[in-house]
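Inside the fold
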Amino acid sequence: IFRLWILPAWGQSLGERLYGGSYLPEEDELAQLSARIRRTEDASLLPEMQSLVRSQRKRARGWLELARLHRDVAHDDEAALHTLLEGANAVTDPEEKAMFLYRAGALAADTLQSPTRAAEYFSRAATRHPKTAYGKHAAARAGKA
(Lines give C-alpha, C1' and ligand atoms only; values in the text may rest on other atoms or scores of the structure.)
Protein backbone atom coordinates (compact mmCIF):
# COMPACT_ATOMS: atom_id res chain seq x y z
CA ILE A 1 0.00 0.00 0.00
CA PHE A 2 2.78 2.40 0.93
CA ARG A 3 4.69 1.77 -2.31
CA LEU A 4 1.66 1.81 -4.60
CA TRP A 5 -0.46 4.65 -3.17
CA ILE A 6 1.24 6.71 -0.52
CA LEU A 7 4.72 7.04 -1.99
CA PRO A 8 3.58 8.21 -5.48
CA ALA A 9 1.18 10.78 -4.00
CA TRP A 10 3.87 12.03 -1.64
CA GLY A 11 6.38 12.23 -4.50
CA GLN A 12 3.99 14.27 -6.64
CA SER A 13 3.27 16.67 -3.80
CA LEU A 14 6.97 17.06 -3.06
CA GLY A 15 7.76 17.65 -6.73
CA GLU A 16 5.12 20.36 -7.01
CA ARG A 17 6.49 22.08 -3.92
CA LEU A 18 10.13 21.92 -5.05
CA TYR A 19 9.75 22.68 -8.74
CA GLY A 20 6.53 24.64 -8.88
CA GLY A 21 7.15 27.08 -6.06
CA SER A 22 5.67 27.26 -2.60
CA TYR A 23 2.14 26.82 -3.87
CA LEU A 24 0.08 24.18 -5.57
CA PRO A 25 -1.28 25.03 -9.03
CA GLU A 26 -4.85 24.59 -7.85
CA GLU A 27 -4.19 27.14 -5.08
CA ASP A 28 -2.55 29.73 -7.34
CA GLU A 29 -4.83 32.45 -8.69
CA LEU A 30 -2.55 33.15 -11.65
CA ALA A 31 -2.44 29.48 -12.69
CA GLN A 32 -6.19 29.16 -12.33
CA LEU A 33 -6.96 32.26 -14.41
CA SER A 34 -4.46 31.24 -17.07
CA ALA A 35 -6.01 27.77 -17.31
CA ARG A 36 -9.48 29.30 -17.54
CA ILE A 37 -8.43 31.62 -20.38
CA ARG A 38 -6.82 28.73 -22.26
CA ARG A 39 -9.78 26.43 -21.69
CA THR A 40 -12.38 28.99 -22.83
CA GLU A 41 -10.13 30.83 -25.30
CA ASP A 42 -11.77 34.00 -23.97
CA ALA A 43 -9.47 36.91 -24.82
CA SER A 44 -11.80 39.29 -22.95
CA LEU A 45 -10.27 37.91 -19.72
CA LEU A 46 -6.80 39.17 -20.64
CA PRO A 47 -7.22 42.56 -18.89
CA GLU A 48 -8.02 40.66 -15.68
CA MET A 49 -4.89 38.55 -16.19
CA GLN A 50 -2.85 41.67 -16.90
CA SER A 51 -4.08 43.29 -13.69
CA LEU A 52 -3.20 40.17 -11.71
CA VAL A 53 0.27 39.98 -13.25
CA ARG A 54 0.92 43.65 -12.50
CA SER A 55 -0.12 43.11 -8.89
CA GLN A 56 2.62 40.43 -8.69
CA ARG A 57 5.15 42.42 -10.74
CA LYS A 58 8.29 40.60 -9.65
CA ARG A 59 6.94 37.17 -10.58
CA ALA A 60 8.46 36.18 -13.92
CA ARG A 61 6.01 33.35 -14.50
CA GLY A 62 3.11 35.80 -14.69
CA TRP A 63 4.72 37.91 -17.40
CA LEU A 64 5.66 34.84 -19.42
CA GLU A 65 2.18 33.38 -19.16
CA LEU A 66 0.55 36.69 -20.10
CA ALA A 67 2.79 36.97 -23.17
CA ARG A 68 1.89 33.40 -24.19
CA LEU A 69 -1.81 34.14 -23.78
CA HIS A 70 -1.50 37.23 -25.96
CA ARG A 71 0.07 35.06 -28.65
CA ASP A 72 -1.96 31.86 -28.30
CA VAL A 73 -5.42 33.18 -27.43
CA ALA A 74 -5.55 36.77 -28.67
CA HIS A 75 -3.14 36.16 -31.60
CA ASP A 76 -1.53 39.52 -30.83
CA ASP A 77 2.25 39.26 -31.18
CA GLU A 78 2.78 43.00 -30.60
CA ALA A 79 0.98 42.77 -27.24
CA ALA A 80 3.11 39.74 -26.39
CA LEU A 81 6.26 41.72 -27.23
CA HIS A 82 5.12 44.65 -25.10
CA THR A 83 4.41 42.25 -22.22
CA LEU A 84 7.90 40.75 -22.44
CA LEU A 85 9.45 44.22 -22.33
CA GLU A 86 7.26 45.24 -19.41
CA GLY A 87 8.28 42.04 -17.64
CA ALA A 88 11.95 42.87 -18.20
CA ASN A 89 11.41 46.15 -16.38
CA ALA A 90 9.38 44.59 -13.57
CA VAL A 91 11.47 41.62 -12.42
CA THR A 92 14.58 42.11 -10.32
CA ASP A 93 16.71 39.05 -11.11
CA PRO A 94 19.31 39.80 -13.84
CA GLU A 95 18.88 36.36 -15.43
CA GLU A 96 15.12 36.93 -15.70
CA LYS A 97 15.62 40.43 -17.10
CA ALA A 98 17.98 39.03 -19.75
CA MET A 99 15.55 36.21 -20.52
CA PHE A 100 12.71 38.65 -21.19
CA LEU A 101 14.88 40.81 -23.45
CA TYR A 102 16.17 37.74 -25.28
CA ARG A 103 12.64 36.44 -25.83
CA ALA A 104 11.52 39.86 -27.02
CA GLY A 105 14.40 39.84 -29.50
CA ALA A 106 13.53 36.35 -30.70
CA LEU A 107 9.87 37.29 -31.12
CA ALA A 108 10.80 40.44 -33.04
CA ALA A 109 13.23 38.55 -35.28
CA ASP A 110 11.40 35.29 -35.88
CA THR A 111 7.73 36.24 -35.82
CA LEU A 112 7.43 39.98 -36.35
CA GLN A 113 10.20 40.04 -38.97
CA SER A 114 11.70 43.18 -37.44
CA PRO A 115 15.48 42.77 -37.43
CA THR A 116 16.06 46.32 -36.21
CA ARG A 117 13.97 45.84 -33.07
CA ALA A 118 15.40 42.36 -32.56
CA ALA A 119 18.95 43.70 -32.67
CA GLU A 120 18.01 46.40 -30.14
CA TYR A 121 16.59 43.87 -27.64
CA PHE A 122 19.45 41.40 -28.09
CA SER A 123 21.96 44.21 -27.68
CA ARG A 124 20.21 45.50 -24.56
CA ALA A 125 20.26 42.00 -22.99
CA ALA A 126 23.91 41.49 -23.91
CA THR A 127 25.15 44.85 -22.63
CA ARG A 128 23.05 45.10 -19.46
CA HIS A 129 23.39 41.45 -18.39
CA PRO A 130 26.56 40.10 -20.02
CA LYS A 131 27.29 37.48 -17.35
CA THR A 132 23.90 35.78 -17.57
CA ALA A 133 23.19 32.80 -19.82
CA TYR A 134 20.55 34.75 -21.78
CA GLY A 135 22.88 37.74 -22.03
CA LYS A 136 25.51 35.52 -23.62
CA HIS A 137 22.98 34.00 -26.02
CA ALA A 138 21.75 37.49 -26.88
CA ALA A 139 25.31 38.63 -27.61
CA ALA A 140 25.70 35.72 -30.01
CA ARG A 141 22.44 36.62 -31.78
CA ALA A 142 22.92 40.39 -31.75
CA GLY A 143 25.06 40.32 -34.84
CA LYS A 144 22.75 37.86 -36.63
CA ALA A 145 19.41 39.62 -36.00
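Attention in this report is confined to the structure presented alongside it.

Thresholds, definitions, all that
- Residues numbered from 1 in each chain as written.
- Predicted model: local features only at pLDDT ≥ 70, side-chain atom pairs only at ≥ 80, totals over all residues.
- Heavy atoms only, no water.
- Helix = DSSP H or I, 4+ residues; strand = E, 2+ residues; numbered from the N terminus.
- Buried < 20%, exposed > 50% of the residue type's maximum accessible area, 1.4 Å probe, protein only.
- Contact = heavy atoms within 4.5 Å.
- Axes fitted to C-alpha atoms, helices over the stretch in contact; angles between N-to-C directions.
- Parallel < 35°, antiparallel > 145°, perpendicular 65-115°, else oblique.
- Left-handed = near helix turned anticlockwise from the far one by under 90°.
- Nonpolar A, V, L, I, M, F, W, Y, C, P; charged D, E, K, R; others polar.
- Expected span 1.5 Å × (residues − 1).
- Arc of directions from axis to C-beta.

Mapping Ser114 onto the fold places it in the loop between helix H6 (94-110) and helix H7 (115-128). For Ser114, a relative accessible area of 14% puts it in the buried group. Contact partners of Ser114, with chain neighbours within four places excluded, come to Ala108 and Ala109.

This part is about the packing of helix H2 (residues 29-40) against helix H3 (residues 46-55). Running from amino to carboxyl end, H2 crosses H3 at an angle of 160°, the nearest separation of the two axes being 10 Å. Comparing the axis directions of H2 and H3 gives the class roughly antiparallel. Taken as a pair, H2 and H3 cross one another with a handedness that is left-handed. Each of Glu29, Leu30, Leu33, Ser34 and Ile37 in H2 lies in contact with H3, whose residues at this interface are Leu46, Glu48, Met49, Leu52 and Val53. The residue makeup of the contact of H2 with H3, split by class, is 7 nonpolar, 1 polar and 2 charged.

Attention shifts here to H2. Taking 1.5 Å of rise per residue, the 12 residues of H2 would be expected to cover 16 Å, and the 16 Å separating its terminal C-alpha atoms lies within 8% of that figure. Listing the buried residues of H2 in full gives Leu30, Ala31, Leu33, Ser34 and Ile37. All buried residues of H2 fall inside an arc of 165° around its axis, so they share one side. Looking at H2, the residues exposed on the side facing more than 90 degrees away from the buried face are Glu29 and Arg39. On its buried side, H2 packs onto H3 and helix H4 (60-72).

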